[in-house]
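What follows is each chain in one-letter form.
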Amino acid sequence: MPGRFEGLSDAERSLFEDIFPLPEKRGRGMPPAPPRNILNSLLYILITGCRRCDLPRGSQRASKSSGHRHLQSWYLDGTLNKIRVKILGFAQNRGMINWESGAVDGSFSSGKGGGAEVAYGYKGKGVLIHLPVDAEGMPLSAVTTAANGDERKQVETLPERIEVRTGNPGRPPKKPKRLAGNKGYDSEELRNILRAGGIRPQIPRKRNAEKDEADRSYSNFILSLYRFFVTVLLVRYSRSIFL
């Protein structure tokens, strides 16, 4: 549901000061937009749901072209991944991530114009967005693949894609104890891989498969916010994204 966004506060901005690359030097022309203004523009699109072309002007926001350009460059140089890791570490230190259980699901995003890793699947031409979350719906990672790919293969490497850095001694957790999925993930091979990694699978079987009481429970989690983030801000500009 669309909301309101007035911009990052000083405290929120300070969380990411050490992440952003140094601004490029220009011999002439306008100076580059500050990272805070660029984030404000991207978050405004995310929270309010407006189109990039309808982004309003303001002293606290960058232009739509600048936001688009930096979104692409931040993905390529790893800045977006650093932001994600920083947020997860901040949440882990404050006990905001529930590792007792989690869920994984995929969402189709149309890509009629083409692009990297865009292919025809049973839902049409586009990409699949794979998203694991914790028990409270906290997104832990995200990856996009071609629409004709196997969703179950993305779950097998789930622990490798979750990155949490707290800055404290010891190794923080990076995988839920139980993982729920819908019938599309029904696979004995996947169940065995998850069990070998210390994750209890909670994946219901299809009607034509033998029922297993231990795997019948399936929990639904709210994925709309992060799906919207990936679809509106990322998939619109790049069809091959790994967060």
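Scroll up a little and you will see the structure.
Peer 1: Tell me about the side chain of His130, residues and numbers included.
Peer 2: On the secondary structure map, His130 appears in strand β3 (residues 124-134). For His130, a relative accessible area of 4% puts it in the buried group. For His130, the side chain forms a polar contact with the side chain of Thr145, separated by 2.7 Å. Those residues in contact with His130 that lie beyond four places of it in its chain are Asp105, Gly106, Ser141, Ala142, Val143, Thr145, Glu151 and Gln154.

Peer 1: So what about the pattern of salt bridges? Which residues, and what values?
Peer 2: One side chain can pair with another of opposite charge once the charged atoms of both are near each other. A complete count under the given rule lists eight salt bridges for this structure. A salt bridge links Lys86 to Asp18, with the shortest nitrogen-to-oxygen separation between them at 3.4 Å. Taken together, the residues span a long stretch of sequence, with Lys86 in helix α4 (residues 79-93) and Asp18 in the loop between α1 (10-14) and α2 (35-48) at a distance of 68 residues. Owing to a relative accessible area of 58%, Asp18 belongs among the exposed residues under this scheme.

Peer 1: An account of α2 is needed here, citing residue identities and associated values.
Peer 2: Over its 14 residues, α2 runs 20 Å from end to end, which matches the ideal 20 Å to within 8%, given 1.5 Å per residue. The buried fraction of α2 amounts to ten of the 14 residues, a majority that puts the element mostly inside the structure. Looking only at α2, the buried set comprises Asn37, Ile38, Leu39, Asn40, Ser41, Leu42, Tyr44, Ile45, Leu46 and Thr48. Trailing α2 by a residue or two, Gly49 shows a phi angle of about 80°, which is positive.

Peer 1: Got a sec to walk through the packing of aromatic side chains? Specific residues and values, please.
Peer 2: Enumeration according to the criterion identifies zero aromatic pairs in this entry. Here Arg61 stacks its cationic end above the ring of Tyr44, 4.8 Å away from the centre of that ring. Lying over the aromatic face of Phe90, Arg94 brings its terminal NZ or CZ to 3.7 Å of the ring centre.

Peer 1: Could you give an account of α4, with specific residues and numbers?
Peer 2: In a regular helix each residue adds 1.5 Å, so 15 residues correspond to 21 Å; α4 covers 21 Å between its end C-alpha atoms and thus fits that length. Among the residues of α4, Thr79, Leu80, Ile83, Arg84, Val85, Leu88, Gly89, Ala91 and Gln92 are the ones counted as buried. Gly95 sits one or two residues past α4 and shows a positive phi near 65°.

Peer 1: Residues and numbers for the pairing of β3, please.
Peer 2: The element β3 is extensively covered by neighbouring structure, given that nine of its eleven residues are classed as buried. Judged from the nine bridges that link them, strand β1 (residues 102-110) and β3 form a sheet pairing that is antiparallel. Across the sheet, Ser109 pairs through a bridge with Val127, a residue of β3. Bridge analysis of strand β2 (residues 119-121) against β3 gives three bridges, and the strand direction is antiparallel. Residue pairing across strands places Tyr120 opposite Lys125, the latter belonging to β3. Counting the residues in the hairpin turn of β2 and β3 gives two residues. Two strands pair when backbone bridges link them, and β3 and strand β4 (residues 143-146) are joined in this way by four bridges, in the antiparallel orientation. What sits directly across from Leu128, in β4, is Thr145.

Rules of the game
Residues numbered from 1 in each chain as written. Predicted model: local features only at pLDDT ≥ 70, side-chain atom pairs only at ≥ 80, totals over all residues. Heavy atoms only, no water. Helix = DSSP H or I, 4+ residues; strand = E, 2+ residues; numbered from the N terminus. Buried < 20%, exposed > 50% of the residue type's maximum accessible area, 1.4 Å probe, protein only. Polar contact = N/O pair within 3.5 Å; in protein donor to acceptor, adjacent residues only side chain to side chain. Contact = heavy atoms within 4.5 Å. Salt bridge = Lys/Arg side-chain N within 4 Å of Asp/Glu carboxyl O. Expected span 1.5 Å × (residues − 1). Phe/Tyr/Trp six-rings, centres within 6.5 Å; stacked < 30°, edge-to-face > 60°. Lys NZ or Arg CZ within 6 Å of the ring centre and 35° of its normal. Pairing = 2+ DSSP bridges.

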